[in-house]
Amino acid sequence: MKIIPVTGLANSGKTSFIRNLIPVLKSYGSVGVIKHLGDHEYRQEEGKDTTVFFENGADISAGIDSGKSVVALRTIDLDVILLLFKQQGIDFAVIEGFKTRDFPKIIIGDLPSDTCILRNPTADQVVSSLTRFEDY
């Protein structure tokens, strides 16, 4: 699994870049995305059974409907989520944020970085540079 970190300052265009990168990567394999939420918390829908289960201590609470599954895990460890992606057969783990991790990364905007391998690339430039990203 290739780890493709995308970092940059707030409002630099990271999410827009990733939104365009996903379908290009999908033509080469499966894609998982991890978003560092930073200073805002993800909110589970209040009163729903999966939320109640999680709030009452479940380590994992999942819901499955006709088209998808939603899972809440009681972990904030990026490595645990990367392992989960790997176990699920994900080919490309795109990570938004996590600036302090030492992965070779894509920088969107002007954020200084010692680990930048691509700055403001196109999706095609990322694909042609896949060997420069770490394997998990």
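This write-up is about the structure you can find in this document.

Rules and cut-offs
Residues numbered from 1 in each chain as written. Predicted model: local features only at pLDDT ≥ 70, side-chain atom pairs only at ≥ 80, totals over all residues. Heavy atoms only, no water. Buried < 20%, exposed > 50% of the residue type's maximum accessible area, 1.4 Å probe, protein only. Helix = DSSP H or I, 4+ residues; strand = E, 2+ residues; numbered from the N terminus. Pairing = 2+ DSSP bridges. Salt bridge = Lys/Arg side-chain N within 4 Å of Asp/Glu carboxyl O. Axes fitted to C-alpha atoms, helices over the stretch in contact; angles between N-to-C directions. Contact = heavy atoms within 4.5 Å.

### Details of the pairing of strand 5 (residues 92-96)
In terms of burial, strand 5 is a largely internal element, five of the five residues being buried. Side chains Phe-92, Val-94 and Glu-96 project from strand 5 onto one buried face, and the interleaved Ala-93 and Ile-95 project onto a second face that is buried too. Here strand 1 (residues 2-8) runs beside strand 5; their pairing, made up of five bridges, is parallel. Residue pairing in the sheet places Lys-2 in a bridge with Phe-92 of strand 5. The sheet contact formed by strand 2 (residues 31-35) and strand 5 spans five bridges and is parallel. In the strand pairing of strand 5, Val-33 is matched with Val-94.

### Considering unusual backbone geometry
The phi dihedral of Asn-11 is positive, around 65°, even though this residue is not glycine. Mapping Asn-11 onto the fold places it in the loop between strand 1 and helix 1 (14-26). Even without glycine at this site, Phe-98 takes up a positive phi of about 55°. Along the chain, Phe-98 falls in the loop between strand 5 and strand 6 (105-108).

### Some thoughts on the pattern of salt bridges
Here the structure, examined in full by the defined rule, presents four salt bridges. The salt bridge partner of Lys-68 is Asp-65, with a shortest N-O separation of 2.6 Å. Its relative accessible area of 40% is what places Asp-65 among the partly exposed residues. The closest approach of N and O atoms between Arg-101 and Asp-79, which form a salt bridge, is 3.2 Å.

### Regarding the pairing of strand 4 (residues 69-73)
Pairing between strand 3 (residues 60-64) and strand 4: five bridges, direction antiparallel. Paired with Gly-63 across the bridge in strand 4 is Val-70. Turn length for the strand 3-strand 4 hairpin, with the two strands adjacent in sequence and antiparallel, is four residues.

### Description of the sheet that holds strand 2
Strand order in the open sheet formed by five strands is 2-5-1-6-7, and the pairing between neighbours is parallel. Looking at strand neighbours, the two that pair on one side only are strand 2 and strand 7 (116-119), the edges of this open sheet. The mean inter-strand angle of the sheet, taken between neighbouring strand axes irrespective of direction, is 25°. Of the strands in this sheet, strand 1, strand 2 and strand 5 touch helix 3 (residues 78-87), which is tilted by about 165° from strand 2.

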